[in-house]
There are 2 protein chains.
Amino acid sequence: MASTKTGAQGGRRRPTVADVAREAGVSVATAGRALGDYGRVGDALRDQVRAAAARLGYSPNGVARSMRSGGTRTIGFVGVDISNPYFATAMRGICDVARKEGYEAILANSDDRLDIERAAVKVLLEKQIEGIVVAPNAVIDVGHLQRAQELGVPVVLLDRHSGVLDADSVVIDNEAAAREAVSHLLRLGHRRVGMLLCVDPSESPELVRRAGTGRLEVHGAARPSIDRIRGYVAAMDQYGAPTAAELIRYTVVGEAAHLEREAEALLDLPDAPTAVFAADNVATQGLFTAVRGRGLGIPDDISMVGFDDLDWTTLVDPPLTVVAQSPMDMGRIAAERLFARIKGDDSPGERIILPTELIVRSSAAGRDAVHTA
Amino acid sequence: MASTKTGAQGGRRRPTVADVAREAGVSVATAGRALGDYGRVGDALRDQVRAAAARLGYSPNGVARSMRSGGTRTIGFVGVDISNPYFATAMRGICDVARKEGYEAILANSDDRLDIERAAVKVLLEKQIEGIVVAPNAVIDVGHLQRAQELGVPVVLLDRHSGVLDADSVVIDNEAAAREAVSHLLRLGHRRVGMLLCVDPSESPELVRRAGTGRLEVHGAARPSIDRIRGYVAAMDQYGAPTAAELIRYTVVGEAAHLEREAEALLDLPDAPTAVFAADNVATQGLFTAVRGRGLGIPDDISMVGFDDLDWTTLVDPPLTVVAQSPMDMGRIAAERLFARIKGDDSPGERIILPTELIVRSSAAGRDAVHTA
DNA sequence: TTGTAGGCGTTATCAG
DNA sequence: CTGATAACGCCTACAA
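Residues numbered from 1 in each chain as written. Chains lettered and ligands numbered in written order. Predicted model: local features only at pLDDT ≥ 70, side-chain atom pairs only at ≥ 80, totals over all residues. Heavy atoms only, no water.

S.K.: Even after reading the chapter, I still don't get the protein's contact with DNA strand C, so can you show me in this structure?
M.R.: Neighbouring residues of DNA strand C: 23 residues in total, closest Y58(A), R65(A), T30(B), R33(B) and G42(B). Here DNA strand C approaches the protein such that, of its atoms within 4 Å, sugar and phosphate make up 60%. Interatomic distance of 2.6 Å between a side-chain N/O atom of R33(B) and a base nitrogen of DNA strand C. Among the elements of the structure, helix 4 (62-69) of chain A together with helix 2 (28-36) and helix 4 (62-69) of chain B are those that each provide at least two residues to the surface near DNA strand C. Per element, the largest residue contribution to the surface near DNA strand C is four residues, and it comes from helix 4 of chain A. (Near = heavy atom within 4 Å. Polar contact = N/O pair within 3.5 Å; in protein donor to acceptor, adjacent residues only side chain to side chain. Helix = DSSP H or I, 4+ residues; strand = E, 2+ residues; numbered from the N terminus.)

As structure tokens, then:
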């Protein structure tokens, strides 16, 4: 009896209600009632059964219970990457709500890849989860999510909205947030403003093209990255600042190295920008690093506005002006919507837009303003 | 047919193999074989069944499958707080390995509270997960983990080791890591070195006492925080630097506000330390913030060494000298051990000690060395 | 090759 | 108040 404590095989078969019943000398039905606390059971027998259960180390089998009841008290979250603080915080919000409701959450990382996301949803569905929160990779190709809904599993979108899917979504107004950030720079007198961000691989090529009007147009689905570019362009147009494709640099998610290269390319432009908007937290860090690497001073040599109010943005010198959102609330609210659906709410899908805030700190400064009409 | 797409009730009963069988005009057994790809099935019938399944939108019921097979292909992770980058990164490592093995992971946050951890383990056990990775709150009171093992569910400890439990643990050598960090400061000529950290609520009182020898003794279980204090004291003793309880300030986890107060108390000491070792990533941030708030220069006015090589420690000015560990590897290796156990490995519990590295950057500098014998 | 039947553990229904 | 029995959906002996 020295070993097999550490390993998997340790236990012989786990005791069941039947075992407890036998041990207590009653029927399975009675044992079940005594343990599950339903129906009527005599006091004496109840204690007897409880004692037997304790003696045997009985633990109810949730799988069997789910089998009968149809409910698993489990939800799923398909995020992009839990090691990104944005999703980690959202997950925390989701877990908190789930725990309050007596549910657990299964986590899957998609790395923003549609194939992985699809597979994850499929597995979750097979596991009979009762609802899914997902940060979808694609906003059009959502067949797998529709399928979930058809199966009676509610879906709530987090961070991204889909026009195709009739589901709740918890998002921010990406275009407005970007426009506010860039306007801030423009009002400070900057004219040549760059933009740096990560985009999804499937969306990257030909993101931006010149139209007949001379204005920059942005083509692509309404995803956060694309919407933020739209906000940037809108602000530039509004303030009459000249736009140029070369001022918008991006890289596909997960390639931090490329990102720094793009940032440097931006800084090395013949007519380099005097200010840059980094449109996500990865780009913010990449830009900051690149600027530092070039030995440039912020905001003296170059101004910047970042995205996401991560802790480090106030630790750094100078503290960064950023667009702040609240992933914790996002996760919480998404989960709350999900549980409302699980409980039967079948009103039409709602688009919940959480506020963002431009937190002005010290990384963006004036440019001896040469304002334009 | 306008609505009920969004809500939970959407689906009528989900189709089962029996439904598919009926639709295809074959027996359940044949349908099962065709769908599950086991046994022999005629080509014609197989296609027929597949078609019927597609028509009905059949999706296998994992709960029923688990019921029969006994396996759920699910593991659990009980971490302290997923919004802490340390645990978020560890979770990523765990998920990656799980996915490779065809498993999913359920996440639970304990907030470093034993009662929550116990409840989480209980629920996970009921859900019939096949293994648990846990960052245990207590290293002695591990009855709930022993129970898991007795039930045949392998347990792997992450970040913390328990002498009581015969389980694998994946940890770092906390005492050695702290000693190295503090020795670094001492070798730089500092004599009055402070320490700042978070400790578990249950361990906080009377952490440190004077003994007859005049040396500082550290009482408490072998948890990371306590071990790091031991390392600090060992280094101080080794270099003949005078120790004092007032130089060691801590707060319970999750109370960041108190932490900054403790940091300030340290800086305000009549005989203030010339260097401080922040022994975890929360303390590192708190210390840095407090020092900044006091307008002190690093390392000119005060030197510091932090813990955990988070991104921001290199973004900040000056870049911080830190003790680095790899939570991603920790998660990965813990999960790998867990799957080895799940597959039947029942060798005695192994203590896997991952390396740490003192990364010397610029936050600790010399003190016109007044060395001691 | 295909079909029939039984059981995994729980809970609920129905008799006694 | 207690006991026997059926059912959830899948898989697998076993029989045809």
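S.K.: Sorry if this is basic, but what is going on with helix 9 (residues 224-238) of chain A here?
M.R.: Helical geometry note: an α-helix holds 3.6 residues per turn, so side chains three or four residues apart project in the same direction. All names here are of chain A. Taking 1.5 Å per residue as the helical rise, helix 9 with its 15 residues ought to reach 21 Å, and the 21 Å between its terminal C-alpha atoms agrees with that figure. If you follow the buried residues of helix 9, they end up packed against strand 5 (168-172), helix 8 (174-187), strand 6 (193-199), strand 8 (216-218), strand 9 (248-252) and strand 11 (303-307). Positive backbone phi, approximately 65°, marks G240, located one or two places after helix 9. (Expected span 1.5 Å × (residues − 1). Contact = heavy atoms within 4.5 Å.)

S.K.: What am I meant to see in the protein's contact with DNA strand D here?
M.R.: Near DNA strand D there are 23 residues, and of these T30(A), R33(A), G42(A), V17(B) and Y58(B) occur at the shortest range. Sugar and phosphate atoms form 60% of the subset of DNA strand D atoms that lie within 4 Å of the protein. Interatomic distance of 3.1 Å between a side-chain N/O atom of R68(A) and a base nitrogen of DNA strand D. Separating a sugar or linking oxygen of DNA strand D from a side-chain N or O atom of R68(B) is a distance of 3.1 Å. Looking at the surface near DNA strand D, the elements that each hand over two or more residues are helix 2 (28-36) and helix 4 of chain A together with helix 4 of chain B. When the residues that make up the surface near DNA strand D are grouped by side-chain class, the tally is twelve nonpolar, five polar and six charged. (Nonpolar A, V, L, I, M, F, W, Y, C, P; charged D, E, K, R; others polar.)

S.K.: Explain the relation of the copies chain A and chain B to me, please; I cannot follow it from the model alone.
M.R.: In this structure, two copies of a chain are linked by a rotation about an axis accompanied by a shift along it. When chain A is brought onto chain B, the operation consists of a screw motion whose angular component is 180° and whose axial shift is 0.0 Å, with 0.1 Å RMSD remaining. Expressed as an axis order, the relation between the two copies is that of a two-fold axis. An overlap of 100% is found between the interface residues of chain A and their copies at the interface of chain B, pointing to a shared contact surface. (Least-squares fit on C-alpha atoms with pLDDT ≥ 70 in both.)

S.K.: What is the right way to read the interface of chain A and chain B from this model?
M.R.: The extent of an interface is frequently quoted as the accessible surface area lost upon association of the parts. Counting from both sides, the interface comprises 73 residues of chain A and, opposite them, 74 residues of chain B. Here chain A and chain B share an interface that buries about 6100 Å² over both sides, 54% of which is from carbon and sulfur atoms. Summed over the shared surface of chain A and chain B, the result is four salt bridges. The closest approach of N and O atoms between R92(B) and D111(A), which form a salt bridge, is 2.3 Å. Across the chain A-chain B interface, the total number found is 21 residue pairs in polar contact (both at pLDDT 80 or more). Taken together, the elements giving at least two residues each to the side of chain A that touches chain B come down to helix 4, helix 5 (85-100), strand 2 (104-109), helix 6 (114-126), helix 7 (143-150), helix 11 (281-293), helix 12 (312-315) and helix 13 (327-342) of chain A. Residue composition of the side of chain A that touches chain B, grouped by class: 27 nonpolar, 25 polar and 21 charged. Pairing between strand 2 of chain A and strand 2 (residues 104-109) of chain B: three bridges, direction antiparallel. (Buried area = accessible area lost by both parts, 1.4 Å probe. Salt bridge = Lys/Arg side-chain N within 4 Å of Asp/Glu carboxyl O. Pairing = 2+ DSSP bridges.)

S.K.: When you look at the sheet that holds strand 14 (residues 357-359) of chain A in this model, what are you seeing that I'm missing?
M.R.: Paired through their backbone hydrogen bonds, the strands of a sheet run either parallel or antiparallel. Residue and element names in this part refer to chain A. Overall, mixed pairing links the six strands, which are arranged 9-6-10-11-12-14 in an open sheet. Both edges of this open sheet fall to strand 9 and strand 14, since each of them pairs with a single strand only. The average angle at which neighbouring strand axes cross in this sheet is 15°, direction not considered. Alignment of strand 11 against strand 12 (residues 321-324), held across three bridges, turns out to be parallel. Directly across from V305, in strand 12, lies its bridge partner T321. Here helix 8 sits on the sheet and contacts strand 6, strand 10 (275-278), strand 11, strand 12 and strand 14; the angle it forms with strand 10, its principal contact strand, is near 165°. (Axes fitted to C-alpha atoms, helices over the stretch in contact; angles between N-to-C directions.)

S.K.: Can you help me understand the packing of helix 1 (residues 17-24) of chain B against helix 2 of chain B in this one?
M.R.: Angle between the axes and distance between the axes: these two values describe a pair of packed helices. All names here are of chain B. Relative to each other, helix 1 and helix 2 sit at 105°, their axes nearing to 8 Å. What the angle tells us is that helix 1 and helix 2 run roughly perpendicular. Within the contact between the two elements, helix 1 uses V17, A18, V20 and A21 and helix 2 uses V28, A31, G32 and L35. Here the contact of helix 1 with helix 2 is built from residues that sort into seven nonpolar, one polar and no charged. (Parallel < 35°, antiparallel > 145°, perpendicular 65-115°, else oblique.)

S.K.: Would you take a moment to explain the packing of aromatic side chains for this structure?
M.R.: Residue and element names in this part refer to chain B. By the definition in use, this model includes eight aromatic pairs over all chains. Ring geometry for Y103 versus F339: centroids 4.9 Å apart, planes at 75°, classification edge-to-face. Of this pair, Y103 sits in the loop between helix 5 (85-100) and strand 2 while F339 sits in helix 13 (residues 327-342), and the two are 236 residues apart along the sequence. With a relative accessible area of 2%, F339 lands in the buried category. Here F277 and F307 contribute two aromatic rings whose centre-to-centre distance is 6.2 Å and whose plane-to-plane angle is 45°, an arrangement assigned as tilted. Placement of the pair is F277 in strand 10 (residues 275-278) and F307 in strand 11 (residues 303-307), with a sequence separation of 30 residues. Across this residue pair, the class does not change: F277 and F307 are buried. One Lys or Arg, R228, reaches over the ring of F307 and ends 3.8 Å from the middle of that ring. (Phe/Tyr/Trp six-rings, centres within 6.5 Å; stacked < 30°, edge-to-face > 60°. Buried < 20%, exposed > 50% of the residue type's maximum accessible area, 1.4 Å probe, protein only. Lys NZ or Arg CZ within 6 Å of the ring centre and 35° of its normal.)

S.K.: Hey, could you run me through the environment of F307(A) in this one?
M.R.: Residues and elements named next belong to chain A. Of the residues examined, F307 reaches a relative accessible area of 1% and is grouped as buried. Considered as a pair, F307 and F277 are 30 residues apart in the sequence and their alpha carbons are 8.3 Å apart. Not counting the four nearest positions on each side in its chain, F307 is found in contact with I172, A177, R228, F277, A278, A279, D280, N281, T284, V322, V323 and Q325.

S.K.: Explain the packing of helix 5 of chain A against helix 13 of chain A here, please?
M.R.: Residue and element names in this part refer to chain A. With their axes 7 Å apart at the nearest point, helix 5 and helix 13 run at an angle of 40° to one another. Classed by the angle they form, the pair helix 5 and helix 13 counts as oblique. For the crossing formed where helix 5 meets helix 13, the hand is right-handed. Contacts between helix 5 and helix 13 pair Y86, T89, A90, R92, G93, I94, V97 and A98 from the former with P327, M328, M330, G331, R332, A335, E336 and F339 from the latter. Residues that form the contact of helix 5 with helix 13 fall into these classes: ten nonpolar, three polar and three charged. (Left-handed = near helix turned anticlockwise from the far one by under 90°.)

S.K.: What exactly am I supposed to notice about the nonpolar core here?
M.R.: Side chains that are nonpolar tend, in soluble globular proteins, to be buried together. One finds F277(A) and F277(B) to be the most contacted residues of the largest nonpolar core, which totals 170 residues. Each residue touching F277(A), except ones within four places of it in the same chain, is listed here: A178(A), A181(A), V182(A), L185(A), G194(A), M195(A), L196(A), V305(A), G306(A), F307(A) and V323(A). Grouped together as the second largest cluster of nonpolar side chains are 38 residues, I106(A), A120(A), V121(B) and I129(B) included. (Core = buried A, V, L, I, M, F, W, Y, C linked by side-chain atoms within 4.5 Å.)

Keep in mind these values describe shape, not function.
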